[in-house]
Amino acid sequence: MALIDFLKSVYEFGGINDNDLNTIAENSEILEFGDSAMIQGRGDIDRYLWVVYEGKVEVVLTEKNGLPRTIATMQRGEIFGEMSLMTGEPAGADIKSSGLSKAVKINRDIFTKILFGNPSVLNRISKTITKRLIQREKDLSGLSDFGSPLVSNEDIYDLNFTSAKGHFKILVINSRMTSVKYALFDTKNSHPLIEGLIDKIGTEEPYHKVKRKEEVTEAQTDIKDTKEAIELLLSTITSPSLGLIKDAGEIDAVGHRVVHGGDKMFASTLIDDSVEDIIRECSPLAPLHNPYNLEGIRAMKSLVPNTLHIAVFDTAFHSNMPEHASAYSLPQHLNVKRYGFHGINHNYVMLMAATHLKRSIGEMKIVSCHLGNGSSLCAIDHGRSIDTSMGMTPSGGSVMGSRTGDLDPGILIYLMQLGFSPDELHKIINRESGIKGISGISGYVLDVLKAADEGSESAKNAITMFCYSIKKYIGSYIAALGGIDVLIFTGGVGENSAEIRARVCHGLEAFGIYVFDAANRLVKPYSNEVKVISEPGADKKIIVVPSDDKRMIARETLHAVERLRTEQSSVSSWKKPIPVNISAHHVHVNEETFHQLFGKDRSLTPKAPLSQPGQFASEETVNLIGPKGRVDKVRILGPYRKDNQVEISRTEEFKLGIDAPIRDSGDIEGTPGIVIEGPAGPARLENGVICARRHIHMSPEDALGYGLRDRDVVMVKIKSQRELIFGDVLVRVHPSFKLDMHIDTDEGNAAEHIPGTIGFIEGIQSRAYM
């Protein structure tokens, strides 16, 4: 039977027209598998849809005792890999051939596009997904941590560009005041094909350094401006002698590093006129970077106009910091705030540490220390930056190479009164202070360490102040996070100085941070190896992760292109409105806690159904009692939950005297506790108080219809009395869900929410698994 005739016989493909079936067939291949051959391993991120063509295929889970259990057998015409359409998450089971078999491997992205034009196909495949999601929940209840998908996948966060599914060439550009850094990637390899630096542009001694594999060359040039530098790099990477690419038209995308995106840029994005305008508007906040970033963008777009140009923002990772962390104690009308920097690298080392430790970013509290000439620390709670040491500009934070770090603002007034001009103060703060100013020797830590070893008291003092300021930030961030799981060292100094790492860690033992001196000393400088340097068996891990901005920019560019393709395919479906409702404060309890509050003879009494099937508001209410005050008559929602959870608004946080993190519902590890008061007595919860992240409930059919997946983060335009766009909206997909977006009371007030308010998808900010 011809492939197209076989595809017609597949239940889920019923209703697909011949042209679309031909497209599917052209983007498919039939693969043969021997007995017990692995088709998809546990932990793999499957980016294909499969159909059994001949023979049988088994789905195998790992039992709690570590033994395999076959939970399903699929035969000719049955699909698998359908969860790649819905979640894209790592497979929780092995899929193996039972005897000799053949399977059709179908390009997921091609199939997804076809879904939009075939409502009957969308309906059929969503029914299959719904059925299997329900079955999977039952099956996974017997699955232990043994065989966790994270343990089995070496590239869970796509740092090796696995999602590219082939050759995709990305040119990474970092255009600065007097230099242009670049690297050309082919996504079949995580290392660049070539990288280079054109430095001292516009001076009398410009030069061009090129690195390819282990060979490094350097030559003088006569480059006068950024455009000439970009012409030089393009001629270099297209040189016939290198054999990399024949012309610039082979570049699939260009990723541009941009330092500042202000309040408007939450994620890497396609550069159009409006994005260029935002970069220009943010130039006063990063005058030494943004104007030159923009100059490089415009020069590259003029020379390579027919490829995709993506802006990757250093500030984007910090864009969802809570207001109490991003605001300054200044009058609001001044409109200044903390933006943070080094976000590209803080994001990268977080993902790399999680990959190395085989843990999910969604379960860890991390302090990332980017230490170099410019240093910044970042507190990361379950994958989200909640605070960072650099502020509105890169001058704030810990002591740096030649920058002051945090400074009493009265000092600047004092110096102005002495006659120093703004330009002179700028020079002092950014170029003459920090380690350089304290030591009087150099702004380079390794030079000052050497001078300290030789007896320089000023050098000793500079190193002590540098490490002390870092240690203070680590301690404060552990307090802000409510604990720590991982301490990361990165950046030129963090990666390459065992002495600085040891000095910083010593004294943090009270927090469970124990550096293993032997392992710390064995980390080879400039080795590009990820190394754990905490004591063997320690719960709190200390890990050294070399920075790799170029690789992260390439990854972000690849993912932005993938999101763009999804948006282009899905945009027509985004015209469908989403109901928006306020999820007021409420409580979820388990049965034991309920009886403690209301007595053993009572049970939850349904009062009214909620928007989500099977859920209800109960007749029972409780009082919330915090350290400062109380909130009375808070309704319990049913049915019973496994864990207790209290969801409140920011306003109620203050009223209760509780600092609750913004978390996804159900993510309560490390959250504050509270006293709940019921008619039969109080119950003290050790944790469980959160401000729920805004989210959209979707059924599998809803998600497929919008071209979205579970755990996508999207932007939604709210149509109400006051139109606004909410970013950082989490998509949650489950068979029992009904389409509905939930925002809290404060967000509802901001949008002037009224009954019947609706929203529309504006774009995809991020996708958990590509």
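Residues numbered from 1 in each chain as written. Predicted model: local features only at pLDDT ≥ 70, side-chain atom pairs only at ≥ 80, totals over all residues. Heavy atoms only, no water.

The next subject is the overall build of the protein. Summing up its helical and strand segments, the protein has 24 helices and 35 strands in all. C-alpha atoms of the protein, sized along the principal axes, occupy 75 × 75 × 55 Å. For the protein, the residues scored as buried account for 54% of the 770 residues in total. Of the roughly 33700 Å² of accessible surface on the protein, a fraction of 50% belongs to carbon and sulfur atoms. (Helix = DSSP H or I, 4+ residues; strand = E, 2+ residues; numbered from the N terminus. Buried < 20%, exposed > 50% of the residue type's maximum accessible area, 1.4 Å probe, protein only. Areas by Shrake-Rupley, 256 points an atom, 1.4 Å probe, with all protein chains shown as cover.)

One open sheet accounts for eight strands, arranged E11-E10-E9-E8-E7-E12-E14-E13; its pairing is mixed. Edge strands, defined here as strands with exactly one partner in the open sheet, are strand E11 (215-220) and strand E13 (269-270). Lying over the sheet, helix H8 (residues 273-281) contacts strand E12 (253-258), E13 and strand E14 (308-313), oriented at roughly 30 degrees with respect to E14. Lying over the sheet, helix H20 (residues 549-570) contacts strand E7 (169-175), strand E8 (180-186), strand E9 (194-199), E12, E13 and E14, oriented at roughly 125 degrees with respect to E14. (Pairing = 2+ DSSP bridges. Contact = heavy atoms within 4.5 Å. Axes fitted to C-alpha atoms, helices over the stretch in contact; angles between N-to-C directions.)

Let us now look at the sheet that holds strand E15 (residues 365-370). Here six strands make up an open sheet; going across it, the order is E17-E16-E15-E18-E20-E19 and the pairing mixed. Edge strands, defined here as strands with exactly one partner in the open sheet, are strand E17 (384-388) and strand E19 (531-532). As judged from the five bridges shared by E15 and strand E18 (residues 486-490), these two strands associate in the parallel manner. Residue Cys369 lies in a different strand from E18, and its bridge partner there is Phe489. Running over the sheet, helix H11 (residues 343-357) touches E15, strand E16 (376-381), E18, E19 and strand E20 (541-544) and is turned about 125 degrees from E18. Here helix H16 (residues 457-481) sits on the sheet and contacts E15, E16, E17 and E18; the angle it forms with E16, its principal contact strand, is near 15 degrees.

This structure, assessed with the given rule, holds 36 salt bridges. Residues Arg630 and Glu677 are paired through a salt bridge, measuring 2.8 Å at the closest nitrogen-oxygen approach. Within this pair, whereas Arg630 is found in strand E25 (residues 630-638), its partner Glu677 is found in strand E28 (residues 674-678), the two being separated by 47 residues in sequence. The exposure class of Arg630 is partly exposed, given its relative accessible area of 35%. Overall, Glu677 belongs to the partly exposed group, its relative accessible area being 29%. Notably, a salt bridge pairs Lys717 with Glu723, separated by 3.8 Å at the nearest N-O pair. (Salt bridge = Lys/Arg side-chain N within 4 Å of Asp/Glu carboxyl O.)

The next thing to look at is the packing of aromatic side chains. The tally for this structure, following the rule as stated, stands at eight aromatic pairs. Where Phe594 meets Phe598, the ring centres are 4.8 Å apart and the plane angle is 20 degrees; that geometry is what we call stacked. Here Phe594 pairs with Phe598, and both are found in helix H21 (residues 591-598), just four residues apart, close to one helical turn. Where Phe594 meets Tyr640, the ring centres are 5.7 Å apart and the plane angle is 65 degrees; that geometry is what we call edge-to-face. On the criterion of sequence distance, the pair formed by Phe594 in helix H21 and Tyr640 in the loop between E25 and strand E26 (645-647) is long-range, its members being 46 residues apart. According to the relative accessible area criterion, Phe594 is buried, its value standing at 0%. With a relative accessible area of 28%, Tyr640 lands in the partly exposed category. Each residue in the set Phe33, Trp50 and Phe80 is aromatic and connected to the rest through ring pairs, giving one cluster. The ring of Tyr53 has Arg76 lying over it, and the distance from NZ or CZ to the ring centre is 5.1 Å. (Phe/Tyr/Trp six-rings, centres within 6.5 Å; stacked < 30°, edge-to-face > 60°. Lys NZ or Arg CZ within 6 Å of the ring centre and 35° of its normal.)

Let's shift gears to a nonpolar patch on the surface. A cluster of nonpolar side chains, Tyr328, Leu330 and Leu334, forms an exposed patch at the surface whose accessible area comes to about 260 Å². Structurally, Leu330 is set in the loop between helix H10 (323-326) and H11. By relative accessible area, Leu330 is classed as partly exposed at 46%. (Patch = residues over 30% accessible without salt bridge, like charges linked within 9 Å, V, L, I, M, F, W, Y side chains within 5 Å.)

Now for the pairing of E14. Counted residue by residue, E14 has five buried out of six residues, so it is predominantly covered. Pairing between E12 and E14: six bridges, direction parallel. Within the sheet, the bridge partner assigned to His256 lies in E14 and is Ala311. Two strands pair when backbone bridges link them, and E13 and E14 are joined in this way by two bridges, in the antiparallel orientation. In the strand pairing of E14, Thr269 is matched with Ala311.

Within the secondary structure layout, Asn160 lies in the loop between helix H6 (149-152) and E7. In the structure, Asn160 is positioned 28 residues away from Lys188 in sequence and 8.1 Å away in space, judged by C-alpha atoms. In contact with Asn160, other than residues within four places in its own chain, are Glu154, Asp155, Thr187, Ser190 and Arg551. Looking at Asn160, its side chain comes within polar contact range of the side chain of Arg551, at 2.6 Å. (Polar contact = N/O pair within 3.5 Å; in protein donor to acceptor, adjacent residues only side chain to side chain.)

Cis rather than trans, the peptide bond between Gly638 and Pro639 has omega equal to 5 degrees. Tracing the backbone shows Pro639 in the loop between E25 and E26. The backbone phi angle of Asp158 is positive, close to 65 degrees, even though this residue is not glycine. If you trace the backbone, Asp158 turns up in the loop between H6 and E7. Not every positive phi belongs to a glycine, and Phe161 is a case in point at roughly 65 degrees. Among the structural elements, Phe161 can be located in the loop between H6 and E7.

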